[in-house]
Amino acid sequence: MRKNRSTALAAASFLLLAGLGIASAPSAYAGTPGGTRAADRNSDFNGDGYEDVLVGAPGATVSGKKGAGLVTVQYGSSRGIGTTGAALFSQSTAGVAGAAETGDGFGKAVGTGDLDGDGYDDAIVGIPGEDLGTVADAGGVAILWGSKAGLTGAASDWLETQEPVTGEQFGAGVAAGHFTNETPADLLAVMDHNGLELFAYDAAAPGSLERRSSAPLSARAQERHILPRSLTTGDYDRNGFADLVVSGVTAGDEPGHGWSTYLSGQADGLTYERDVRGGPVTASGDIDNDGYDDLVTGEPNSPDDGGETMTGGLVGVRYGGENGPADEVQWWTQDSPGVPGTAERGDGWGTDLSVADTDGDGYADVAIGAAGEDIGTVADAGAVWVLRGASAGLTATGAKSWDQDSADVSGVPEKGDKWGGQVRLTDPNADGRFGLLASAPGENAGDGFVWVLSAGTGGITAAGSWTYGAETLGAPHLGAAFGAAIDE
């Protein structure tokens, strides 16, 4: 339960978008890396030009409260990231709204964006298990503001839905982007189990955000009874504004099929365009280097027509263009020609996705996690693939895969490790080649660990890879599920 501000006060401080006049933003706003380019990655909390890494450990015990959760921040540098100088944040951190409580799940979802337009990216932490008064699992979101010194808990902001409902889990997904010229900073999208809410920085009340609108999924999506599960952003139509994709699975008579709702960013706001097949996992990047971001969807547990779980999992690619993500989709499985391995029931291929250029050739590559992959006879040990981008789009030429049984990857496959439960391609040393972070939230009976695989001229390599957990960073580690969320 949030204890430092009342629900009534929080609701009263928010303004709805309808009827709210906002002056057009300038063509660029101060300090934001890359100006207003919608496709820019937003994870530089101290403004030094190096990507930082935000990792959630929602199962961590904090102040004696099991599952209260925490997040860690590792700052990038010319040497990349390391395990010294990391910062830890939880609801027991001075200045962070609320208090650590059992089952809050602080860090179950994480995101970043420059929400106040000051040139320093801010951390967005979803707390879907937060109880509000007597309303269980209503959820909440904490904002940790960036600064020259990095993230700080001081004057952190708090968000919650206007009318909390039991089990709503507000904060189950978060994303930010420069969706519109109505505000000079990034807008924040917060997902719960029912829909989406948008928030913008309130310049009249520094250090706070105001509610702009509530946006349920489209009418078509509602007809399909889509349950939202994830968010991604990208500039699919190359108009200079970030677009938003809300992805989920169907309920009702035909449950479990992945569908996504595409909202295009425009000068005057987000606009619903259409729904596309694919999800509930999503990521974005320019795979064919044509200037348009492409949408990648993962369907790790899609049912077949008979309602049974599809063999292995499914990844779809929709290339961007003047009208956004294409209607045509390129489907991939482990049985696609050139992809290492064999599709097997329960692999979960597409458990998580990340898109970025791993070898500096200008084409974004796609990292694919499969948390349910069996390694030999070891069930759900997990594995990760990287497929390469090219002028003709995604290709299996040069595709690679790794697991804990691969050469130069530390550890051994164990049942339930779920290696590849989260994947992120990141460039913390700013050399133009994005290395791989692969987490195993189930490692060591649920403590969780993250593996670091570097990138060279040939892309990702396991040579010299290393691993770390919450304990390595000085955080509570037992049952922490460290790596259950990594900012994209």
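Scroll up for the structure.
The structure displayed is predicted, hence computed values, not measured ones.

Chemist: Which residues make up the packing of aromatic side chains, and what values go with them?
Modeler: Applying the stated criterion to the full structure yields eight aromatic pairs. When the ring of Trp349 is compared with that of Trp385, the centres are 6.1 Å apart and the planes differ by 80°; the resulting orientation is edge-to-face. Of this pair, Trp349 sits in strand S20 (residues 349-356) while Trp385 sits in strand S22 (residues 383-388); the two residues are 36 residues apart in sequence, bridging distant segments of the chain. On the accessibility criterion, Trp385 (2% relative accessible area) is buried. Centroid distance Trp466 to Tyr468: 5.4 Å. Interplanar angle 35°. Geometry classified as tilted. Tyr468 sits in the buried class, given a relative accessible area of 0%. Three or more aromatic residues link up through ring pairs in this structure, and these residues are Trp419, Phe449 and Trp451. Above the face of the Tyr292 ring, Arg238 is positioned so that its terminal group lies 4.4 Å from the ring centre.

Chemist: Could you give an account of unusual backbone geometry, naming the residues involved and the relevant values?
Modeler: Cis peptide bonds are those with omega within 30 degrees of zero, and the linkage from Gly279 to Pro280 qualifies with 15°. Here Pro280 lies in the loop between strand S15 (269-277) and strand S16 (281-285). For Asp137, which is not glycine, the phi dihedral falls at a positive 55°. Topologically, Asp137 is positioned in the loop between strand S5 (122-127) and strand S6 (140-145). Backbone geometry at Asp380 places phi at a positive 55°, although glycine is not the residue there. Structurally, Asp380 can be placed in the loop between strand S21 (365-370) and S22. The class for Asp380 is partly exposed, based on a relative accessible area of 32%.

Chemist: Tell me what's going on with the sheet that holds S16, and back it up with residues and numbers.
Modeler: As summarised here, the arrangement of the four strands in space is S16-S17-S18-S19, forming an open sheet in which the pairing is antiparallel. At either margin of the open sheet sits one strand with a lone partner, and together these are S16 and strand S19 (330-332). Mean inter-strand twist for the sheet, computed between neighbouring axes without regard to direction, equals 20°. Of the strand pairs in this sheet, strand S17 (residues 294-299) and strand S18 (residues 314-318) are connected by five bridges, and their pairing is antiparallel. Bridged to Thr297 within S18 is Gly316.

Chemist: So what's going on with the pattern of salt bridges? Which residues, and what values?
Modeler: Opposite charge on two side chains makes pairing possible when the charged atoms of those side chains draw close. Applying the stated rule across the entire model yields six salt bridges. Across the pair Asp327 and Arg274 runs a salt bridge, and its minimum N-O distance is 3.6 Å. Of this pair, Asp327 sits in the loop between S18 and S19 while Arg274 sits in strand S15, and the two are 53 residues apart along the sequence. For Arg274, a relative accessible area of 17% corresponds to the buried category. Glu299 is paired through a salt bridge with Arg277; the nearest N and O atoms lie 2.8 Å apart. Here Glu299 is found in strand S17, whereas its partner Arg277 is found in strand S15, with 22 residues between them in sequence. Residues joined in a network through salt bridges with shared partners are Asp359, Asp365 and Arg388.

Chemist: For the pairing of S6, give the residues involved together with the corresponding values.
Modeler: Across the six residues of S6, six count as buried, placing the element largely inside the fold. By the alternation rule, side chains of S6 split into Gly140, Ala142 and Leu144 and Val141, Ile143 and Trp145, which are all buried. Pairing analysis gives five bridges linking S5 to S6, with the strands arranged antiparallel. Directly across from Ile127, in S6, lies its bridge partner Gly140. In this structure, S6 lies alongside strand S7 (residues 152-159), joined through four bridges in antiparallel fashion. Each bridged residue has a counterpart across the sheet, and for Ile143 the counterpart in S7 is Asp157.

Chemist: Summarise the environment of Ala343; cite the residues concerned and give the values.
Modeler: Along the chain, Ala343 falls in the loop between S19 and S20. Overall, Ala343 belongs to the buried group, its relative accessible area being 13%. Along the primary structure Ala343 and Thr333 are separated by ten residues, whereas in three dimensions their C-alpha atoms are 6.9 Å apart. For Ala343, the contacting residues outside a window of four places in its chain are Thr311, Gly312, Gln334 and Asp335.

Rules used in this analysis
- Residues numbered from 1 in each chain as written.
- Predicted model: local features only at pLDDT ≥ 70, side-chain atom pairs only at ≥ 80, totals over all residues.
- Heavy atoms only, no water.
- Phe/Tyr/Trp six-rings, centres within 6.5 Å; stacked < 30°, edge-to-face > 60°.
- Helix = DSSP H or I, 4+ residues; strand = E, 2+ residues; numbered from the N terminus.
- Buried < 20%, exposed > 50% of the residue type's maximum accessible area, 1.4 Å probe, protein only.
- Lys NZ or Arg CZ within 6 Å of the ring centre and 35° of its normal.
- Pairing = 2+ DSSP bridges.
- Axes fitted to C-alpha atoms, helices over the stretch in contact; angles between N-to-C directions.
- Salt bridge = Lys/Arg side-chain N within 4 Å of Asp/Glu carboxyl O.
- Contact = heavy atoms within 4.5 Å.

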